[in-house]
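# Breakdown of the fold
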Amino acid sequence: MIKKCREVFEEKFGGDGEIRQYFAPGRVNLIGEHTDYNGGHVFPCALTIGTYGIARKRTDRKLRFYSMNFETTGIVESSLDEVKPGADSLWTRYVKGVIWAFAEKGHVIETGFDFLCLGTIPNGSGLSSSASIEVLTGTILKDLYGFDVNMVDVSLYSQLAENRYVGVNCGIMDQFAIAMGKKNHAIFLDTATLDYQYAPVQLEGAKIVIGNTNKKRGLGDSKYNERRAECEKALEEIQAVKKIPSLGALSEEEFEEVKSAIADPVRVKRARHAVYENQRTIRAVEALKNNDVAQFGQLMNASHVSLRDDYEVTGIELDTLVEAAWKQPGVIGARMTGAGFGGCTVSLVKDEHVDAFIAGVGAAYRGKIGYDADFYVVEIGDGPQVLA
């Protein structure tokens with residue numbers, strides 16, 4: 001893959017100078033959805049699919065971008081002087097956003113670079129193709145320009161780019177999971193403090209299967225920001241009667257005691273999901289530590305029900321995939337993953353049933369929705385790499 005990227009880079013930009021090669025993964029969240037901006041816990045892992053990048057420093061201030069995923073767009077030329085929020089609607093805004101975020105944090109680049117990328121994550125699938133290219137860009141800037149930043153910094157700068165340059169008010173989970181990924185481990189992250197621990201994911205006899213609805217969604221024009229605002233308002237109302245820093249600070253019992261402070265029943269549902277999902281995530285990680293994969297799967301199922309009924313971010317496509325998954329032999333657990341409104345599901349499926357699972361769920365989805373879903377049997381991989 002990287003060899004092909006290098007060939008195209010040299011064809012588009014020439015082969016002179018020091019050319020550097022990179023990779024940043026995608027991610028899937030096993031449980032803990034819409035908790036990251038509510039001060040709760042998440043449990044994502046990096047994948048072996050992701051975004052490859054080739055870059056070379058320039059001596060002028062020009063920026064040249066090319067994506068092998070958007071070949072018809074061709075080379076996009078820009079300049080460091082044009083890196084301003086709101087000035088770009090192309091895929092390059094994710095790259096420029098990170099350049100801008102680094103500068104905001106005092107890491108200014110004075111010369112531009114040529115950049116080529118190839119993503120193996122389906123765009124709009126919910127496996128964080130945007131966060132992958134952001135963290136890839138941060139890794140490139142750190143390496144090319146020698147910035148003294150660690151990978152937690154890279155994740156935070158990438159989130160800043162997404163929030164203030166791209167305009168999506170996301171939490172830290174996607175960027176952190178990608179920047180800090182570790183092979184065969186998921187990351188149990190407290191998003192309120194950024195305290196984290198790696199937890200081995202040992203699914204002896206089972207595989208992680210991603211189901212892609214193939215319904216494209218863009219977070220910026222979805223109801224993602226609306227959900228976040230609803231939770232923020234609910235938190236304000238609770239804080240009038242109980243001093244808490246975030247919804248993630250509440251136990252289920254504490255929430256039931258104070259929920260009457262929330263004036264709108266819709267906001268009660270949103271806040272209930274944030275609180276209960278956080279507690280589910282804590283219990284799920286404990287179950288995995290105890291090798292209780294069956295309990296982990298039950299909590300995945302409960303997570304989807306909450307996202308469907310209380311948070312209302314699933315929709316017919318995701319519900320069809322998950323409900324079909326629940327009916328298949330060998331399924332340990334299944335839920336939507338990511339922001340919702342389309343995107344992907346994640347299922348734990350016993351090895352001997354994987355092929356039948358894909359066939360059965362695929363047929364049910366096509367029968368109800370009218371077009372095909374795609375399926376990927378994925379492995380948990382490492383974080384970003386500078387490739388030889």
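Up top is the structure.
A few points on the structure. (Residues numbered from 1 in each chain as written. Predicted model: local features only at pLDDT ≥ 70, side-chain atom pairs only at ≥ 80, totals over all residues. Heavy atoms only, no water.)

Okay, the environment of Ala325 next. Position of Ala325 among the secondary structure elements: in helix 10 (residues 316–326). By relative accessible area, which is 1% here, Ala325 ends up buried. Taking C-alpha positions, Ala325 is 7.5 Å from Ser347, a pair spaced 22 residues apart along the chain. (Helix = DSSP H or I, 4+ residues; strand = E, 2+ residues; numbered from the N terminus. Buried < 20%, exposed > 50% of the residue type's maximum accessible area, 1.4 Å probe, protein only.)

Tallying each qualifying case throughout the model produces 33 salt bridges. Between Glu77 and Lys62 there is a salt bridge, with the nearest N and O atoms lying 3.7 Å from each other. With a gap of 15 residues between them, Glu77 in strand 5 (residues 76–79) and Lys62 in strand 4 (residues 62–67) connect regions that are remote in the sequence. Using a relative accessible area of 48% as the deciding quantity, one classes Glu77 as partly exposed. Under the relative-accessibility criterion, Lys62 is labelled partly exposed at 30%. The residue Arg272 makes a salt bridge to Asp310 at a minimum N-O spacing of 2.8 Å. (Salt bridge = Lys/Arg side-chain N within 4 Å of Asp/Glu carboxyl O.)

Looking now at unusual backbone geometry. A positive phi angle is found at His34, which is not glycine, with a value near 60 degrees. Mapped onto the elements, His34 comes out in the loop between strand 1 (20–29) and strand 2 (41–42). In the Ramachandran plot, Leu194 falls in the positive-phi region, its phi being about 65 degrees despite a non-glycine side chain. Looking at the secondary structure, you find Leu194 in the loop between strand 7 (185–190) and strand 8 (195–200).

Look at helix 11 (residues 354–369): 22 Å from first C-alpha to last across 16 residues, which is about the 22 Å you get at 1.5 Å a residue. In this structure, the buried side of helix 11 is in contact with strand 9 (206–212), helix 10, strand 10 (331–337), strand 11 (344–350) and strand 12 (374–378). Phi turns positive one or two residues past the end of helix 11, at Gly370, with a value near 100 degrees. (Expected span 1.5 Å × (residues − 1). Contact = heavy atoms within 4.5 Å.)

Structurally, the position occupied by Val76 is in strand 5. For Val76, a relative accessible area of 12% gives the class buried. C-alpha separation for the pair Val76 and Tyr66, spaced ten residues apart in sequence, amounts to 6.3 Å. Ignoring sequence-local partners within four residues, the contact set of Val76 consists of Leu63, Arg64, Phe65, Leu90 and Thr92.

This brings us to the pairing of strand 3 (residues 44–57). Of all 14 residues making up strand 3, eleven are buried, and the element is well covered by its neighbours. Where strand 1 meets strand 3, nine bridges bridge the pair, whose relative direction is antiparallel. Bridge pairing in strand 3 links Arg27 to Ala46. (Pairing = 2+ DSSP bridges.)

Attention shifts here to the sheet that holds strand 7. If you trace the three strands from one edge of the open sheet to the other, you get 2-7-8, paired in antiparallel fashion. One side of each edge strand has no neighbouring strand; the edge strands of this open sheet are strand 2 and strand 8. Note: strand 7 against strand 8, six bridges, orientation antiparallel. Each residue of the ladder has a partner; that of Leu189, found in strand 8, is Tyr196.

Mapping Thr320 onto the fold places it in helix 10. When sequence neighbours within four positions are dropped, the list of residues in contact with Thr320 reads Ala364, Tyr365, Lys368 and Ile369.

Counting residues in each nonpolar core, the largest one holds 71 residues, and the members touching the most others are Ile99, Phe113, Phe115, Leu141 and Leu247. Discounting chain neighbours no more than four positions away, the residues touching Phe115 are Phe9, Phe13, Ile54, Arg64, Phe65, Tyr66, Trp91, Val95, Ile133, Leu136 and Ile140. With 29 residues, the next largest nonpolar core counts Ile121, Ala186, Leu203 and Val293 among its residues. (Core = buried A, V, L, I, M, F, W, Y, C linked by side-chain atoms within 4.5 Å.)

As a further point, take the packing of aromatic side chains. Inspection of every chain in the model, using the stated rule, returns 20 aromatic pairs. Their ring planes at 70 degrees and their centres at 5.6 Å tell us that Tyr37 and Tyr224 sit as a pair that is edge-to-face. Residue Tyr37 is located in the loop between strand 1 and strand 2, and its partner Tyr224 is located in helix 6 (residues 224–239); the two are separated by 187 residues in the primary sequence. You can call Tyr224 buried: its relative accessible area is 5%. On the numbers, 5.8 Å between centres and 40 degrees between planes, the contact of Phe102 with Phe147 is tilted. Of the two residues, Phe102 sits in helix 2 (residues 92–104) while Phe147 sits in the loop between helix 3 (129–145) and helix 4 (151–166), which places them 45 residues apart along the sequence. The buried category is assigned to Phe147, whose relative accessible area is 13%. (Phe/Tyr/Trp six-rings, centres within 6.5 Å; stacked < 30°, edge-to-face > 60°.)

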